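So the chains spell out like this:
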Amino acid sequence: MKNVVMAHWFCGDCDVEGRDFAAEPTCWNCGGDVTVTARPTVPMDHRAADGAA
Ligand SMILES: [Zn+2]
């Protein structure tokens, strides 16, 4: 099984947060730098957990 790192981040300028598989994610709203709050390793098998009905 392959594990991947998912960055949890927060953008203080927009007051939004998000998750990204990128090592250095950028804000989806302003495209600027974000503060990474967590960087958990998750199994690839769970990548669809948010979208699973
Ligand atoms: Zn932003």
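Residues numbered from 1 in each chain as written. Predicted model: local features only at pLDDT ≥ 70, side-chain atom pairs only at ≥ 80, totals over all residues.

Engineer: Whenever I open this one, the environment of glutamate 17 confuses me. Can you help?
Structural biologist: By secondary structure assignment, the location of glutamate 17 is in strand 3 (residues 16-20). For the pair glutamate 17 and threonine 37, spaced 20 residues apart in sequence, the C-alpha separation works out to 9.5 Å. Excluding anything up to four places from it in sequence, glutamate 17 contacts Trp9 and Phe10. (Helix = DSSP H or I, 4+ residues; strand = E, 2+ residues; numbered from the N terminus. Contact = placed C-beta atoms within 7 Å.)

Engineer: Is there a simple way to explain the pairing of strand 2 (residues 7-11) in this structure?
Structural biologist: Side-chain direction in a regular strand flips from residue to residue, so the side chains alternate between the two faces of the sheet. Sheet topology places strand 2 next to strand 3; five bridges connect them, and they run antiparallel. Along strand 3, the bridge assignment pairs cysteine 11 with valine 16. Hairpin connection from strand 2 to strand 3: four residues lie between these consecutive antiparallel strands, with aspartate 15 at a positive phi of about 60°. Relative to strand 4 (residues 35-38), strand 2 is paired through three bridges, and the arrangement is antiparallel. Residue pairing for strand 4: phenylalanine 10 is matched across the bridge by threonine 35. (Pairing = 2+ DSSP bridges.)

Engineer: Would you mind going over the sheet that holds strand 3 with me for this structure?
Structural biologist: Note: strands within a sheet are paired through backbone hydrogen bonds, in either parallel or antiparallel orientation. Strands sit in the order 3-2-4 across an open sheet of three strands; the sheet is antiparallel. Each end of this open sheet is capped by a strand with a single partner; those strands are strand 3 and strand 4. Strand-to-strand twist of the sheet, defined as the mean angle between neighbouring strand axes without regard to direction, takes the value 35°. (Axes fitted to C-alpha atoms, helices over the stretch in contact; angles between N-to-C directions.)

Engineer: Sorry if this is basic, but what is going on with the environment of alanine 38 here?
Structural biologist: Within the secondary structure, alanine 38 is located in strand 4. For alanine 38 and methionine 6, which are 32 residues apart along the polypeptide, the C-alpha to C-alpha distance reads 8.2 Å.

Engineer: Hey, could you run me through unusual backbone geometry in this one?
Structural biologist: For residues other than glycine, phi is negative in most cases, and the peptide bonds are mostly trans. Positive phi, close to 60°, is recorded for aspartate 15, a residue that is not glycine. Tracing the chain through its elements places aspartate 15 in the loop between strand 2 and strand 3. Judged by local crowding, aspartate 15 falls into the exposed class, with 8 C-beta atoms found within 10 Å. (Buried ≥ 20, exposed ≤ 12 C-beta atoms within 10 Å, placed from the backbone.)

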